[in-house]
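# Residue-level structure breakdown
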Amino acid sequence: MMRCFIVAFAVFIAGSSAEFIVLKSTQNQIFREGSWPVPGERIPDIISLAMGFSVEEDLPWPGLGVGNLFQRPRATVLVTITGVNKLPVPDSAISYPTENVVPYSVDSVVNSIHALFSEEMPVVLQLAPIEERVYMVGKANTVFEDLADTLRQLRTRLEQDNSIIPSLPVSSLNKFDETDRLFLSELQVLMDIVSLLSRHKHLARDNIPDIYSLELTGLEEIKKRYGQDSVKYKDAVKILSDILQKFSDEIYSIYAGNAVVVAVTVESFEMPLIRKSRSILASEAISNPGSPYNLAYQYNFDYSVVFNIILWLMIGLALAVIVISYSLWNMDPGYDSIIYRMTNQKIRMD
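Residues numbered from 1 in each chain as written. Predicted model: local features only at pLDDT ≥ 70, side-chain atom pairs only at ≥ 80, totals over all residues. Heavy atoms only, no water.

### As for the overall build of the protein
Helix and strand counts for the protein come out as eleven helices and eight strands. Intrachain contacts of the protein at a sequence separation of at least 6 include 76% that bridge at least 24 residues. Carbon and sulfur atoms form 58% of the exposed surface of the protein, whose accessible area is close to 20,400 Å². (Helix = DSSP H or I, 4+ residues; strand = E, 2+ residues; numbered from the N terminus. Contact = heavy atoms within 4.5 Å. Areas by Shrake-Rupley, 256 points an atom, 1.4 Å probe, with all protein chains shown as cover.)

### Section: the sheet that holds strand E4 (residues 94–99)
Taken in spatial order, the eight strands of this open sheet run E2-E4-E1-E8-E3-E7-E5-E6, and their pairing is mixed. The open sheet has two edge strands with one neighbour each: strand E2 (38–39) and strand E6 (133–137). Strand direction decides the pairing type here: strand E3 (residues 75–82) and strand E7 (residues 210–216), joined by seven bridges, are parallel. Bridging across to E7, Thr80 finds its partner in Glu215. (Pairing = 2+ DSSP bridges.)

### Looking at the UniProt feature "transmembrane region" (unreviewed entry) in the protein
Under the UniProt annotation, the feature "transmembrane region" (unreviewed entry) is placed at residues 309–329. As annotated, residues 309–329 comprises 100% helix and 0% strand, and the C-alpha atoms at either end are separated by 30 Å. (UniProt positions renumbered as here; feature names shortened; annotations may be inferred.)

### Side note on the packing of aromatic side chains
Applying the stated rule across the entire model yields five aromatic pairs. Both rings, one in Phe20 and one in Phe31, keep their centres 6.1 Å apart while their planes meet at 50 degrees; by these two values the pair is tilted. Taken together, the residues span a long stretch of sequence, with Phe20 in strand E1 (residues 18–24) and Phe31 in the loop between E1 and E2 at a distance of eleven residues. Of the two residues, Phe20 and Phe31, neither departs from the other in class, the shared state being buried. One aromatic cluster is present, built from ring pairs that chain together Phe20, Phe31, Trp61 and Tyr96. Sitting above the plane of the Tyr252 ring, Lys24 keeps its charged end 5.1 Å from the centroid. (Phe/Tyr/Trp six-rings, centres within 6.5 Å; stacked < 30°, edge-to-face > 60°. Buried < 20%, exposed > 50% of the residue type's maximum accessible area, 1.4 Å probe, protein only. Lys NZ or Arg CZ within 6 Å of the ring centre and 35° of its normal.)

### Examining the environment of Val143
With respect to the element layout, Val143 can be found in helix H4 (residues 140–143). Placed 56 residues apart in sequence, Val143 and Arg199 show a C-alpha to C-alpha distance of 8.6 Å. Each residue touching Val143, except ones within four places of it in the same chain, is listed here: Leu196, His200 and Leu203.

### Remarks on the pairing of E3
Within E3, eight of the eight residues are buried, which leaves it mostly tucked inside the rest of the structure. Residue alternation in E3 divides its side chains into two sets, Ala75, Val77, Val79 and Ile81 and Thr76, Leu78, Thr80 and Thr82, and both sets are buried. Direction of pairing for E3 relative to strand E8 (residues 259–266): parallel, over a ladder of eight bridges. In the strand pairing of E8, Thr76 is matched with Val260.

### Considering the pattern of salt bridges
As enumerated under the stated definition, the model contains eleven salt bridges in all. Residues Arg42 and Asp45 are paired through a salt bridge, measuring 2.5 Å at the closest nitrogen-oxygen approach. Across the pair, exposure class does not vary: Arg42 and Asp45 are buried alike. Among the ionic pairs, Lys232 bridges to Asp180, the shortest N-O distance being 2.7 Å. With Lys232 in helix H8 (residues 231–254) and Asp180 in helix H6 (residues 178–199), this pair connects stretches of sequence that are 52 residues apart. (Salt bridge = Lys/Arg side-chain N within 4 Å of Asp/Glu carboxyl O.)

### Regarding helix H7 (residues 218–226)
Within an α-helix, residues lying three or four positions from one another point in the same direction, as the helix has 3.6 residues per turn. Among the residues making up H7, those that are buried are Gly218, Leu219, Glu220, Ile222 and Lys223. Contacts from the buried residues of H7 go to E3, H6, E7 and H8. Just downstream of H7, Gly227 is the residue with a positive phi angle, here 95 degrees.

### Comments concerning the confidence of the model for the protein
Considering every residue of the protein, the mean pLDDT works out to 78; 77% of them sit at 70 or more. Counted against residues more than four places away or in other chains, residues 1–16, with its pLDDT under 50, gives two contacts. In the model, residues 272–293 has pLDDT below 50 throughout and makes 31 contacts with residues more than four positions away in sequence or in other chains. (pLDDT = per-residue confidence, 0-100.)

### Structural notes on the nonpolar core
Phe144 and Phe247 are the most contacted members of the largest nonpolar core, which totals 53 residues. Setting aside residues up to four positions removed in sequence, Phe247 forms contacts with Val77, Val79, Leu190, Ile193, Val194 and Leu214. (Core = buried A, V, L, I, M, F, W, Y, C linked by side-chain atoms within 4.5 Å.)

What follows is the structure in structure tokens.
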């Protein structure tokens, strides 16, 4: 019996190699406490629904509540951390086990934001510091133009007096070590994002939703080099947890409590997180220029909704016109019209 219990516990631990953590949520609670497993392949859909956008397929996950339909979060921050399956978080955070975690991107969420708020230019930032992949759209081009995003810039940033190094606790990490420096550079990027947003707080006061997707892989590199039981890895996990909590508190404060900060921890992905580079400002063509047969573009999942709205609105207007026209045609001017009635009385009085 004890052996069966140990095997079952080992299987549970092996299956819980990832976690979905809600560090901060809006005042209108969107996420509900529970131990419901999060489908890893649907993480972008969860982010999209939390922001008030629709998705192509229904998501029967009970951890996502309805919230206030008229007050959606003005900012959503998704931090993906590889190299750890469980991160120490405060008691106020809500965590869920995650199943079948696969590489994902928030491109579908970005497309939804662009479709609805293309003229307002929302802030969109997708960043992977170690892999030197950065994607900025809208007002992010001006807000984060000074953000260090290459390894050379990050090394220079760590050498500056106002870097994150003096504020870190004493640990076994060394900024001159290449692996440690990569990890510290990611922490520096988190705090630089907060610093730059603090200078542009007016962006957090509008009604345009912003999205940030940040990928942190420095902890995984430390784990690969020094091992999971090493002092450096344990120090890095503790420091990352503290910086991530501080980062979420600052973001939540800048957006006046109307922001969602989510962290996804996973041991490792089978393949790196890759996103295709494209311009979100490019509008869709009416025809499909990539088709050699001059075919029309494929309708999206909003087509049926828009079609029904227009169809029944036109039917209602047509019926209203018919009823009004029939009533006017069969109206007795001497009895139904107040104009003729007043005129006849005046004539009789005269």
